[in-house]
Amino acid sequence: MARKRKADDRTPRRALWRRTLIAITVCGAVVGGLVLYRVRSDETATAAERPVTMEEASRLALSRLNLYEASPVAVTLTASEGGGVVVRVEGVVDYRKHRAVGSYRITGASGTSGPATGRLDRGLVVWDGGGLGLAPTSEDDGSPPWRQAEHIPRSGWSPRSYTADPLDAGLRLLIELGADRPDNPLLLAQSGARLLGRDRIDGRRYDRFAGPRAQGSTPGAEPGGGRSPLTYWVDGDGGLRRVTMRMPGLGTPTTVEFSGRESRAKLPEAPWSAG
């Protein structure tokens, strides 16, 4: 019974975090002199770009914790490699174990799969905070990637460290998005987080936020006006639905989509085991 109660307390815990974060933001705003904006109650109104309110900063601050608590979560990553080459990864991330597994497919400029980048046109990928590993997959195996990965021995993976290319940057971002505690909403607001607009995805309303600026950046002095390269889509409960990341020299940003908890997934141990 104690285990069930712990699960049932998840929603009250989020509510407590949210009330606490809003209180912190209010107190900090009074001390630090932040300019706060009144939230419009009309949900159909179009939001003009502006600094986040205390309530918006609190929801953005909770988004990483909500993602962590929902683990393991199903994800889709789409990265443009330039020259018309696109890599799509569909998989699962477990933010408690800091591990992820998925299947990838490379599509060329003509819209057909092919080894345009010198890699396999499709396969399996596992990744964590330190790097990634690639392995071939069977064309006929339609099982989830985490199940396919269970049958590949450690020697079957080709591991490597992260590089600066868009796919690696996207995988690294993905593994770092979840956190076991909320961010500080006051710091998010002070660091330049902004509301960019409101969108509907699959019939649900999401606020679109620019993340905090990189430390030391000056507004207006860089491409994008010093705005963060990361954009977040967050719902009214602090649920994270989408993240995009602008990459230097590429017109198409890397996109990450979250589609909910994947309770069946069991991530393989082999790629990370010692020895």
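Our structure's up above, just so we're on the same page.
On a predicted model such as this, the values are computed, not experimentally measured, just so you know.

A. Expanded view of the overall build of the protein. Scanning the protein from terminus to terminus reveals six helices and 12 strands. Across the 275 residues that make up the protein, the buried fraction comes to 43%. Restricting the contact set of the protein to residue pairs at least 6 apart, pairs at least 24 apart contribute 59%. When the accessible surface of the protein is totalled, it reaches about 14,400 Å², and 52% of it is carbon and sulfur.

B. Spatial organisation of the environment of Leu 173. Position of Leu 173 among the secondary structure elements: in helix H5 (residues 166–176). The buried category is assigned to Leu 173, whose relative accessible area is 11%. The spacing of Leu 173 and Val 243 is 70 residues in sequence and 9.6 Å in space, taken between C-alpha atoms.

C. Highlighting unusual backbone geometry. Note that the residue after Ser 71, namely Pro 72, is joined by a cis bond; omega there is -5 degrees. Within the secondary structure layout, Pro 72 lies in the loop between helix H3 (54–70) and strand E2 (73–82). Of note, the phi angle at His 98 is positive, near 55 degrees, even though the residue is not glycine. In this structure, His 98 sits in the loop between strand E3 (85–94) and strand E4 (99–107). Residues other than glycine seldom take positive phi values, yet Asp 202 does so here, at roughly 55 degrees. Here Asp 202 lies in the loop between strand E8 (194–201) and strand E9 (204–210). In this structure Asp 202 comes out as exposed when scored by relative accessible area, which is 72%.

D. Broad picture of the nonpolar core. Judged by nonpolar contacts, the single largest core of 41 residues is most densely connected at Val 93, Tyr 95, Trp 127, Leu 174 and Phe 258. By size, the runner-up hydrophobic cluster in this structure holds 11 residues, among which are Leu 124, Ala 149, Ile 152 and Leu 267.

E. Highlighting the packing of aromatic side chains. Scanning the entire structure with this criterion turns up zero aromatic pairs. Lying across the ring of Tyr 68, Arg 96 places its NZ or CZ 5.0 Å from the centre. One residue, Arg 242, lies across the ring of Trp 233, its end atom 5.2 Å from the ring centre.

F. Molecular detail of the environment of Leu 196. Considering the arrangement of structural elements, one finds Leu 196 in strand E8. Separated by 148 residues in sequence, Leu 196 and Ala 48 have C-alpha atoms that sit 6.6 Å apart.

G. Representation of H3 in the model. The end-to-end C-alpha distance of H3 is 24 Å, a good match for the 24 Å that 17 residues give at a rise of 1.5 Å each. Along H3, the largest kink reaches about 35 degrees and is centred on Ser 63. Within H3, 13 of the 17 residues are buried, which leaves the element mostly enclosed by the surrounding structure.

H. Focus on the sheet that holds strand E1 (residues 50–51). Pairing within the open sheet is antiparallel, and its 12 strands lie in the order E1-E8-E9-E10-E11-E12-E2-E3-E4-E5-E6-E7. Only two strands of the sheet have a single neighbouring strand rather than two, namely E1 and strand E7 (158–160). Strand direction decides the pairing type here: E8 and E9, joined by seven bridges, are antiparallel. Counterpart to Arg 198 in the pairing with E9 is Asp 207. Along the sheet face, H5 touches E2, E3, E4, strand E5 (122–128), strand E6 (132–135), E7, strand E10 (230–234), strand E11 (240–245) and strand E12 (254–261) and points at about 155 degrees away from the line of E2.

I. Structural context of the pairing of E8. Bridge count for E1 against E8 is two bridges, and the pairing is antiparallel. Within E8, the residue paired with Pro 51 across the bridge is Arg 194. Taking the residues that link successive antiparallel strands as the turn, the E8-E9 hairpin has two residues, and the phi of Asp 202 there is positive, at about 55 degrees.

J. The arrangement of the side chain of Asp 168 in detail. Mapped onto the elements, Asp 168 comes out in helix H5. A distance of 2.5 Å separates the side chain of Asp 168 from the side chain of Arg 160, its partner in a polar contact. In this structure, Asp 168 is in contact with Leu 132, Arg 160, Ser 161, Tyr 162 and Thr 163, ignoring residues within four places of it in sequence.

About the criteria used
Residues numbered from 1 in each chain as written. Predicted model: local features only at pLDDT ≥ 70, side-chain atom pairs only at ≥ 80, totals over all residues. Heavy atoms only, no water. Helix = DSSP H or I, 4+ residues; strand = E, 2+ residues; numbered from the N terminus. Buried < 20%, exposed > 50% of the residue type's maximum accessible area, 1.4 Å probe, protein only. Contact = heavy atoms within 4.5 Å. Areas by Shrake-Rupley, 256 points an atom, 1.4 Å probe, with all protein chains shown as cover. Core = buried A, V, L, I, M, F, W, Y, C linked by side-chain atoms within 4.5 Å. Phe/Tyr/Trp six-rings, centres within 6.5 Å; stacked < 30°, edge-to-face > 60°. Lys NZ or Arg CZ within 6 Å of the ring centre and 35° of its normal. Expected span 1.5 Å × (residues − 1). Bend = angle between axes of the 7 residues up to and from the residue. Pairing = 2+ DSSP bridges. Axes fitted to C-alpha atoms, helices over the stretch in contact; angles between N-to-C directions. Polar contact = N/O pair within 3.5 Å; in protein donor to acceptor, adjacent residues only side chain to side chain.

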